[in-house]
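Residue-level listing of the chains:
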Amino acid sequence: GHYDTGGYEHYLLKEISEQPDTIARTLRGRLDDRFHVAHLGGLNMDARETRSFRRVKIIGCGSAYYSGQIGAQLIEELARIPADAEPASEFRYRSPVVEADTLYVAISQSGETYDTLAAVQELKRKGGRVLGIVNTVGSAIARECDGGVYLHAGPEVSVASTKAFTSTAAAFALLALHLGRVRDLSPADGRRICEGLRALPEQIKEILTQEEHIRELAHKYATSAGMMFIGRVRGYPVAREGAQKLKEVSYVHAEAYPASELKHGPLALIGPEMPTVAIVPDDEMLDKNLTTLGEIRARSGRILMVGHRETDQADDCVIVPKNQNELDPILLSIPLQLFAYHAAVALGRDVDRPRNLAKSVTVE
Ligand code: G6P
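Residues numbered from 1 in each chain as written. Predicted model: local features only at pLDDT ≥ 70, side-chain atom pairs only at ≥ 80, totals over all residues.

Per an unreviewed UniProt entry, the chain is named Glutamine--fructose-6-phosphate aminotransferase [isomerizing], and its organism is Herbidospora solisilvae. Of the chain, the UniProt comment under Subcellular location (unreviewed entry) reads exactly: "Cytoplasm". (UniProt positions renumbered as here; feature names shortened; annotations may be inferred.)

Dropping the structure here:
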């Protein structure tokens, strides 16, 4: 039907708020509770081929690239295949070695981003096996790939990507589950991931109920000279995407760093005028992250912590529901979307059509 803001003030807020449904649509019909596997009919790959890959290379631009970084971590953790993500724009220009035993995955909401399309075409020319994780059915990138996973997240209108980002991460969880269960992921771990995925829509609803709290925080921090976003391992792509969202829609300068890299340079920027958004999941990195928060406080840096439990090391906290460690990045991303949105509104920005940006960059 006709797609409008549905009573929301902006498409961006509408699309953030839709995520309980859009994630459910990405998962629908794809989880098997009997064998704890994922059914992905569009991959066009038999079991022998699925087991044959020794490496996964993920490419995309902008938020698609950051969701690809989450995807690479999911594939390494669940399928134990070495995986990494790279901007498609870099990949296509550096004459990459195309290997027969590498699975290439191209990510695109629109399916029309020229740099990503050109990278896929170059891969195909050199015999690469390419899957697409794409939102727009029948788009150029979807047609060029050998197979793939459609997000079914519905049209995304606001220039800043939100629901496509989280659906891409969920699609990667399905792909990682699928690859893992035909290799050596145990049924128990498969079940753990299936249950975690099924819990996501309700958990996203819970986060959305905290919008007013996040709006107040956005107003408090939006006038900062700049913001630092940090995270370790699974928290790092979340921090990168959070910084990207803030930059895109509010024009507030934001940097994203792995938390452990802070001491190797950017700590020099930390002071009262440069607050930090710290992604602190309750995982094996918790103690290290809390130590980092202490180092920031010692330099009079203010801290907004997004994680699973309150800490007095932070000035402000946003607490999200805990899922399985591997799936936490999906939930941790959502407060950062609301934060960027409300910062942009507070500063009077053109939220859905930020200056200098296009929804999809279909030229070189
Ligand atoms: C543009 C948009 C970004 C988006 C990127 C990739 O630069 O401004 O928000 O992440 O393109 O778009 P795609 O449609 O390929 O996911």
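Picking up where we left off.
Bringing the nonpolar core into the picture now. The nonpolar side chains of a soluble globular protein tend to be buried, and buried together. Core analysis: the biggest nonpolar cluster contains 119 residues, and Ile75, Ala106, Ala170, Phe172, Ala173, Ala176 and Tyr341 have the highest contact counts within it. Sequence-distant contacts of Tyr341, defined by excluding residues within four places in its chain, comprise Leu12, Leu13, Ile16, Val249 and Val351. (Core = buried A, V, L, I, M, F, W, Y, C linked by C-beta atoms within 7 Å. Buried ≥ 20, exposed ≤ 12 C-beta atoms within 10 Å, placed from the backbone. Contact = placed C-beta atoms within 7 Å.)

So, on to the site of the ligand. Close contacts around the ligand come from 16 residues, with Gly62, Ser108, Gln109, Ser110 and Thr113 the closest. Across the shell around the ligand, the residue classes break down as six nonpolar, nine polar and one charged. (Near = placed C-beta within 6 Å. Nonpolar A, V, L, I, M, F, W, Y, C, P; charged D, E, K, R; others polar.)

It is worth spelling out helix H13 (residues 328–346) at this point. Taking 1.5 Å per residue as the helical rise, H13 with its 19 residues ought to reach 27 Å, and the 28 Å between its terminal C-alpha atoms agrees with that figure. Most of H13 is tucked away: 18 of the 19 residues are buried. Following H13 by one or two positions, Gly348 has its phi on the positive side, about 70 degrees. (Helix = DSSP H or I, 4+ residues; strand = E, 2+ residues; numbered from the N terminus. Expected span 1.5 Å × (residues − 1).)

Strands sit in the order S9-S8-S10-S11-S12 across an open sheet of five strands; the sheet is parallel. Strand pairing shows two members of the sheet lacking a second neighbour, strand S9 (253–258) and strand S12 (316–319), which therefore form its edges. Strand-to-strand twist in this sheet, taken as the mean axis angle between neighbours without regard to direction, amounts to 20 degrees. The pairing of strand S8 (residues 226–231) with S9 spans six bridges and is parallel. Across the sheet, residue Met227 finds its bridge partner in S9, namely Ala254. Most of the contacts of helix H10 (residues 211–221) go to S12, to which it runs at about 145 degrees, and overall it touches S8, strand S11 (303–307) and S12. (Pairing = 2+ DSSP bridges. Axes fitted to C-alpha atoms, helices over the stretch in contact; angles between N-to-C directions.)

On to the sheet that holds strand S7 (residues 147–150). On the basis of which strands lie adjacent, the open sheet formed by five strands has the order S4-S3-S5-S6-S7 and parallel pairing. Edge positions in the sheet fall to strand S4 (83–87) and S7, since each of these pairs with one other strand and no more. Between one strand and the next, the sheet's axes are offset by a mean angle of 20 degrees, whatever the strand orientation. Of the pairings in the sheet, the one linking strand S6 (residues 129–134) to S7 comprises four bridges and is parallel in character. When the bridges of S7 are listed, Ile133 appears paired with Val149. On top of the sheet, helix H4 (residues 63–79) reaches strand S3 (55–60), S4 and strand S5 (102–108); it is set at about 170 degrees to S4, its chief contact.

In this model, His36 sits at a positive phi of 55 degrees, which is unusual for a non-glycine residue. Tracing the backbone shows His36 in the loop between strand S1 (31–32) and strand S2 (37–38). One non-glycine residue, Arg80, adopts positive backbone phi at about 55 degrees. The topology assignment puts Arg80 in the loop between H4 and S4. Of the residues examined, Arg80 has 14 C-beta atoms within 10 Å and is grouped as partly exposed.

Attention now goes to the packing of H10 against H13. Two elements in contact, H10 and H13, have axes whose closest approach is 8 Å; the angle formed by their N-to-C orientations is 55 degrees. The angle between H10 and H13 places the two elements in the oblique class. Here H10 runs over H13; the crossing is right-handed. Judged by residue contacts, Glu211, Ile214, Arg215, Leu217, Ala218 and His219 of H10 engage Pro335, Leu338, Phe339, His342, Ala343 and Ala346 from H13. Here the residues of the contact of H10 with H13 sort into eight nonpolar, two polar and two charged. (Parallel < 35°, antiparallel > 145°, perpendicular 65-115°, else oblique. Left-handed = near helix turned anticlockwise from the far one by under 90°.)

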